[in-house]
Amino acid sequence: MKNFFAAVIFMLGMANFACAATSDLIFDSSIGVEKTLTCDGREIKFMAYENISYVAEPASEIQKLSVYIPAEYLRGEKINGYSAETAPIFLPNGVGGYMPGKILAPVENDRMSGGANASLVALSRGLVVISPAIRGRTTTMNGVYVGKAPALIVDYKAAVRWIRFNRDRLPAGDVEKIISNGTSAGGALSALLGATGNAPEYQTYLQALGAADERDDIFASSDYCPITNLENADTAYEWIFYGETKYFQAMWQLMPPTDSEAANNPVPVKKSSEMTAEEIRVSKILRDAFPKYLNSLNLRDEHGKILTLDKNGNGSFKNFIKKKYIESAQKALDNGEDLSGVDWIKIKKGRVVDVDLKKYPAAVTRMKAAPAFDKLDLSSGENDEFGDEMNNPRHFSEVLFNENLADKKIIAMLNPMNFIGREDVTTAKHFRIRHGAADRDTSLAIPAIFALKLQNNGVDVDFFSPWAQGHGGDYDLDELFDWIDSVCK
């Protein structure tokens, strides 16, 4: 009997704790402040509810979000055909390099977009903006590193759960039309959020933070140059860049569309470095390993044709990648750009008919020595991301390493490829993926593989490689929000 009463008291205590934790997540509409910014020459008025905790038991003070709502919705008006009830929710993250991501508040002058940032443009187009700050690989609390993998995706999911928990308290926003957005590692995070809806692997981590007991699937995902599929990114990088032994960590003037001489003789900002003999040896091992991985995926093109590579790295998948570059160059040509000086594409009678992937690496230049991501000396940001709580970096690719590897379950939790098509996962219905034709940070093969697997599982995917675009994001905001309108209306 004594044990029975003890159990009852314990259960009541847990229930009280749960109620208290839940109350910590309730949205308080009284904290809103009206703000005004200018976007494309017109004033945008909105209510800002800032720095709200989205978990009841935070591991870091960074775990807060801000809500921005167009002022018109509080007056019962419509914007761009949306009402307070139907407005999509734009969920941008500020993660880069797997570092902590700040809240992306609306601003008029943004480095990436060159004008109003994505949050402000979203408000101008009638979207509600909710942006969370997210832990990264350098986040600490009480001397412990609390932002290593899988923290960043756990935080992003917790923010989605917070939104759904407050569905009836938020003044505006359709919680079934949440659209994520991110660039680079943030693009990988956005892709991961879209691919892992309600996956059980994250539940223990979410419970430990006191995240709301809600779904964490989203409607659509916008992914700029996603640095993802990390355990296979090194092999994909060498499949494209093998043979180039010089690398340039600084940005080049890449493929200028109107200066053919500069296109053939780009000038680096910094002097190039030369790969060591060991790095060159490793480059070949990685290149040779890529076909086996690619063939294991059983990917198919839009006609149902299986995409493969032979042991030399040639085959139908290579032709698919060439086709993406041809589409990119053709669009640039149709827009009036002069591509006559670009020696890795072939043009006949105004049509781009072929690309030479052997010449491509020399044209855009190599950015990283081999291995590009899982470094021999554990010096990359990705090695740091998979490190432990005491900040000891770890390897994550078994192609080269069999010691000092991160936990395989955690490695898998950061790769969206492991979740697509699973019955216990709710994948977003729509993806928009952009990877610049001049992006040297990761291989085009990585987002292409992701896009193909999504499409092979019935997901709507808009995948394109913009000409002369390097590693970056939010450079085509009008097109981004046109796409959002097309999938939401």
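As the structure is a prediction and not an experimental result, all values here were calculated from the model.

**Student:** Explanation requested: the overall build of the protein in the structure shown.
**Tutor:** Across its full length, the protein carries 14 helices and 15 strands. Scaling as 2.2 N^0.38, a compact globule of 489 residues should have a C-alpha radius of gyration of about 23 Å, and the protein matches this with 23 Å. Counting only C-alpha atoms, the protein reaches 80 × 55 × 45 Å along its principal axes. For the protein, the proportion of its 489 residues judged to be buried stands at 56%.

**Student:** Could you clarify how one ought to interpret the nonpolar core in this entry?
**Tutor:** Core analysis: the biggest nonpolar cluster contains 141 residues, and V67, W162, F290 and F317 have the highest contact counts within it. Look past the residues within four positions of F290 in its chain and what remains in contact with it is T235, A236, W239, L309, F317, A445 and I449. If you look at the next biggest cluster of nonpolar residues, it comprises six residues, including Y247, M275, V282 and A369.

**Student:** For this particular structure, what's the right way to read the layout of surface pockets?
**Tutor:** Rolled over the atoms, a probe sized like a water molecule indicates the empty space that remains. Its volume calculated, the largest pocket comes out at about 1000 Å³. Lining the largest pocket are 49 residues, and of these G96, G97, T183, S184 and H471 sit closest to its centre. Counting only elements with at least two residues in the lining of the largest pocket, the list comes to α2 (118-124), β8 (178-183) and α11 (381-385). The dominant element in the lining of the largest pocket, judged by the number of residues it contributes, is β8, at three residues. In terms of residue class, the lining of the largest pocket is made up of 19 nonpolar, 19 polar and eleven charged. In this model, the second largest pocket occupies a volume close to 390 Å³. For the second largest pocket, the lining is made up of 17 residues, of which W239, R287, N312, K318 and K358 are closest to its centre. Those elements giving two or more residues to the lining of the second largest pocket turn out to be α6 (230-241) and α8 (277-296). Within the lining of the second largest pocket, the residues separate by chemical class into six nonpolar, four polar and seven charged.

**Student:** What should I look at first to understand the environment of E34 in this one?
**Tutor:** By secondary structure assignment, the location of E34 is in strand β1 (residues 33-39). For the pair E34 and F46, spaced twelve residues apart in sequence, the C-alpha to C-alpha distance is 5.7 Å. In this view, E34 contacts K45, F46, M47 and A71; residues no more than four positions away in its chain are not counted.

**Student:** Would you explain the sheet that holds β8 in this entry?
**Tutor:** Working definition: the strands of a sheet are paired by backbone hydrogen bonds and lie parallel or antiparallel to each other. The strand order across the open sheet built from nine strands is β1-β2-β3-β5-β4-β8-β9-β14-β15, with neighbouring strands paired in mixed fashion. At either end of the open sheet lies a strand with only one pairing partner, and these are β1 and β15 (460-464). If you compare each strand with its neighbour and ignore which way they point, the axes differ by 20° on average. Helix α4 (residues 185-195) rests against β4 (89-92), β8, β9 (220-224) and β14 (430-434) of the sheet, and its axis sits at about 150° to β8.

**Student:** How should the side chain of D441 be read in this particular structure?
**Tutor:** Assignment of secondary structure puts D441 in the loop between β14 and α13 (445-456). A polar atom in the side chain of D441 sits 2.6 Å from the side chain of K368. Setting aside residues no more than four positions away along its own chain, D441 makes contact with I227, Y237, M367, K368, F373 and H471.

**Student:** Hey, could you run me through unusual backbone geometry in this one?
**Tutor:** Negative phi characterises most residues that are not glycine, and trans characterises most peptide bonds. At the junction of A149 and P150, the peptide bond is cis and its omega measures out at 5° in the coordinates. Assignment of secondary structure puts P150 in the loop between β7 (144-145) and α3 (151-165). In this chain, A370 is followed by P371 through a cis amide linkage whose omega measures -10°. Here P371 lies in the loop between α10 (360-364) and α11. Phi at C225 takes a positive value of approximately 35°, unusual for a residue other than glycine. Here C225 is to be found in the loop between β9 and α6. A relative accessible area of 1% means that C225 is categorised as buried.

**Student:** Is there a simple way to explain the confidence of the model for the protein in this structure?
**Tutor:** Note: predicted coordinates in regions of low pLDDT should not be interpreted at a detailed level. Averaged over all residues, the pLDDT of the protein equals 92, while 91% of them reach at least 70. Across residues 4-18 the pLDDT falls below 50, and counting only partners more than four positions away or on other chains, this stretch makes one contact in the model. Throughout residues 251-268 the model reports pLDDT below 50, and contacts reaching past four residues in sequence, or to other chains, amount to 34 contacts.

**Student:** What should I look at first to understand the pattern of salt bridges in this one?
**Tutor:** Note that side chains of opposite charge can pair when their charged atoms are close. Throughout the structure, instances matching the rule amount to 29 salt bridges. The residue D288 makes a salt bridge to K284 at a minimum N-O spacing of 2.7 Å. Of the two residues, D288 and K284 both sit in helix α8, four residues apart, roughly one turn of that helix. A residue is classified by how much of its surface remains accessible, and D288, at 34% relative accessible area, is partly exposed. A cluster of three or more residues bridged by salt bridges with shared partners is formed by R164, E176, R215 and D217.

**Student:** I keep staring at the pairing of strand β3 (residues 64-70) and nothing clicks. Help me out?
**Tutor:** Each regular strand shows side chains that alternate between the opposite faces of the sheet. Counting buried residues along β3, six of its seven residues qualify, which places the element largely inside the surrounding structure. Strand direction decides the pairing type here: β3 and strand β5 (residues 128-132), joined by four bridges, are antiparallel. From the neighbouring strand, S66 faces β5, where its bridge partner is S131.

**Student:** Explain empty space enclosed by the protein to me, please; I cannot follow it from the model alone.
**Tutor:** As enumerated under the stated definition, the model contains one cavity of 30 Å³ or more in all. There is about 50 Å³ of room inside the largest cavity. Every residue along the wall of the largest cavity is listed here: Y98, L152, A188, L189, L192, T228 and L414. If one sorts the elements of the lining of the largest cavity by residue count, α4 sits on top with three residues. Per-class residue counts for the lining of the largest cavity are six nonpolar, one polar and no charged.

About the thresholds
Residues numbered from 1 in each chain as written. Predicted model: local features only at pLDDT ≥ 70, side-chain atom pairs only at ≥ 80, totals over all residues. Heavy atoms only, no water. Helix = DSSP H or I, 4+ residues; strand = E, 2+ residues; numbered from the N terminus. Rg over C-alpha atoms; globule rule 2.2 N^0.38 Å. Buried < 20%, exposed > 50% of the residue type's maximum accessible area, 1.4 Å probe, protein only. Core = buried A, V, L, I, M, F, W, Y, C linked by side-chain atoms within 4.5 Å. Contact = heavy atoms within 4.5 Å. 1 Å grid on protein atoms, 1.4 Å probe; cavity = no way out; pocket = protein on both sides within 12 Å on 5 of 7 lines; lining within 4 Å. Points joined across faces, edges and corners; volume = space filled by probe spheres on them. Nonpolar A, V, L, I, M, F, W, Y, C, P; charged D, E, K, R; others polar. Pairing = 2+ DSSP bridges. Axes fitted to C-alpha atoms, helices over the stretch in contact; angles between N-to-C directions. Polar contact = N/O pair within 3.5 Å; in protein donor to acceptor, adjacent residues only side chain to side chain. pLDDT = per-residue confidence, 0-100. Salt bridge = Lys/Arg side-chain N within 4 Å of Asp/Glu carboxyl O.

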